[in-house]
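Reading the structure
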Amino acid sequence: MNRVVSRTMSRILAISDIHVDYPDNLRWVENWPRERYFQDVLLLAGDVTDRLPLLETTLRTLVGKFHKVFYVPGNHELWIRDKGTTTFTSVDKFHQILDLCNSLGVLTKPDKVSTSDGAEAWVVPLFSWYATPEEDAEDSLYVSSTVEDSEKSRMMWMDNHMCVWPEDIGSRSQFFASQNEAAVTGSYDAPVVSFSHFVPRLDLVVATKEDNRMVEEERKRLGLPPFNDAMKQGATVGFNFTRYAGCKRLDAQIRKLASVVHVHGHQHRNRDRAIDGVRYVSHCLGYIREQQNGLTWGINSWEGPKQVWPEMSSCTQ
C-alpha cells in the first residue's frame, strides 16, 4: 500500500469503551484538551454509543481534538432499538456507521502516519465479532466453567436482545473477519499497529498477577480495600465472559499483519502484555461502577487515551 504520509509527528494513542451514554464519561471525553492532542493519532476501539446522533457528535468532537482519528465499531454500536423496522439489520447499521465515518474524516481503513520518534507506522483497523461455542466452536474463545449459568449468561448479554442479524449471515466472526481481507493482505513498509474492539486471545481474558497488582494499586489510590478474590476482578457470579469475548480468527489476522502492537477493548479490564512478540493493550474507560472499583486502571494516570506507539518503556511480559 502506498499513501502520502502526513508531516505531523504524532504519538499513537488508544482508548476504547468510552460509553458516552453516561454523562460523566461524555464530559470526561469532551474535556480532553486539544492543545495536548492536536498532533496525535487516536485509535478508538469501539463501544462509543449505540445512538447514531451521539456517535456523530462524539466523533466530530474527537476529530476537532486530534490530528487523525481511527475507529472500529463495537458491539454496542450495532444495537437496534427500533425493532419495528424489521428489514434494517445490524449489518446495515455497520455500513451506515462506516459511511458516517467517511463523511467526518474518521479513518476505518489502513493509513500511514509519521510518528513522534521520527519514524513511520501503519495503523490498521480490524473489524471483528465474537464467536459463541454454539455458532462457531472452532473459532470461539469459550472455556466451559462449572459455575457458569448458561441461561443467565444468555439473558444478561444485551446483544442477544438488541442486535438484529440477516438470516443468512452464518458465523458472525467469519463475516466481520472477511471485511478485513484487503487490509490483512496489504503490503506494509513500516511497523504495524492494529486494533479491534473484540479480544483476540483467550489468555488476555484471564488476569495475570501483574494485572491484579495494577488493579489493587488503583483501588488503594481510591481508598478501597483489596478484592477478596483478586483473580475474578469483580466478575459476575455465573456469567462466563469467554462465551462473548472474541475469536481466534482475529489473532490469526494480527499475526499475518505482523503487528508490533495490537489494541483491543470490550472486556472492561485493562491489559498491557507482550505475547509471542506482539504487545497487546487494552485501555478501556468502561462503566462508572468499574472506574469507581479500580478495574480500569491507567485511565486516571493517563487522564485520557494511552500512548501505545512509539513505546515509552517495556511492557509487562
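Quick caveat: nothing in here was measured; it's all calculated off a predicted structure.

Take the overall build of the protein next. If you tally the helices and strands in the protein, you get 12 helices and 10 strands. The C-alpha radius of gyration of the protein comes to 19 Å, within 12% of the 20 Å expected for a compact globule of 317 residues. Seen along its three principal axes, the alpha-carbon backbone of the protein occupies a region of about 55 × 50 × 40 Å. A total of 317 residues make up the protein; the buried ones form 55% of that total. As displayed, the protein has an accessible area near 14,100 Å², and 51% of this comes from carbon and sulfur atoms.

Attention now goes to the sheet that holds strand β7 (residues 261–264). A sheet is described by the order of its strands in space; here 6 strands give the open sequence β4-β5-β6-β7-β9-β8, paired in mixed fashion. One side of each edge strand has no neighbouring strand; the edge strands of this open sheet are β4 (111–114) and β8 (271–275). The sheet shows a mean angle of 20° between the axes of neighbouring strands, taken without regard to direction. When β4 meets strand β5 (residues 120–125), the two strands line up antiparallel, connected through 4 bridges. In the sheet register, Lys112 faces β5, and the bridge partner there is Trp122.

Within the secondary structure, His264 is located in strand β7. Residue classification places His264 among the buried residues on the basis of a relative accessible area of 0%. Aside from chain neighbours lying at most four places away, what touches His264 is Ser16, Ser196, His197, Phe198, Val199, Pro200, Leu204, Val281, Ser282 and His283.

So, about the pairing of strand β2 (residues 41–44). The alternating pattern of β2 places Val41 and Leu43 and Leu42 and Leu44 on opposite faces, both of which are buried. Here strand β1 (residues 12–15) pairs with β2 via 4 bridges, running parallel. Bridge pairing in β2 links Ile15 to Leu44. Bridge count for β2 against strand β3 (residues 68–71) is 4 bridges, and the pairing is parallel. Each residue of the ladder has a partner; that of Leu42, found in β3, is Val69.

What follows concerns the pairing of β5. For β5, the buried fraction is high: 5 of the 6 residues fall into the buried class. Between the antiparallel neighbours β4 and β5 lie 5 residues, among them Gly118 with a positive phi of about 85°. In terms of strand pairing, β5 meets strand β6 (residues 192–195) through 4 bridges, oriented parallel. Looking at the pairing, Pro125 lines up with Phe195 of β6.

Attention now goes to the pattern of salt bridges. Tallying each qualifying case throughout the model produces 27 salt bridges. In this structure, Arg172 and Glu135 form a salt bridge, with 3.0 Å as the shortest nitrogen-oxygen distance. With Arg172 in helix α7 (residues 172–178) and Glu135 in the loop between β5 and α5 (150–156), the pair connects residues that are 37 residues apart, well separated along the chain. For Arg172, a relative accessible area of 11% corresponds to the buried category. Look at the salt bridges and you will find they share partners, linking Arg201, Asp203, Asp251 and Arg255 into a network.

Scoring rules and cut-offs
- Within each chain, residue numbers correspond to sequence positions counted from 1 in written order.
- Where totals are concerned, whole chains, interfaces and linings use all residues; where local detail is concerned, this predicted model gives features only for residues with pLDDT of at least 70, and gives and counts side-chain atom pairs only at 80 or more.
- Values shown for side chains rest on all heavy atoms present in the structure; no hydrogens or waters enter the calculation.
- Runs of H or I in DSSP of at least four residues are treated as helices and runs of E of at least two as strands, each being numbered from the N terminus.
- With the radius of gyration taken over C-alpha atoms, the globule rule is written as 2.2 Å times the number of residues to the power 0.38.
- Accessible area is worked out with a 1.4 Å probe on protein chains only. A residue is then buried under 20% of its type maximum, exposed over 50%, and partly exposed in between.
- Reported accessibility uses the Shrake-Rupley method at a 1.4 Å probe radius. Residues are deemed covered only where the shown protein chains occlude them.
- Strand pairing follows a simple DSSP-based rule, namely that at least 2 bridges must link the two strands.
- Between the N-to-C directions of two axes lies an angle of 0 to 180 degrees, each axis being a line fitted to C-alpha atoms and, for a helix, fitted only over the stretch in contact.
- Between two residues, a contact is recorded if the distance between any of their heavy atoms is within 4.5 Å.
- Salt bridge criterion: a side-chain nitrogen from Lys or Arg within 4 Å of a carboxyl oxygen from Asp or Glu.

By themselves these figures say nothing about function.
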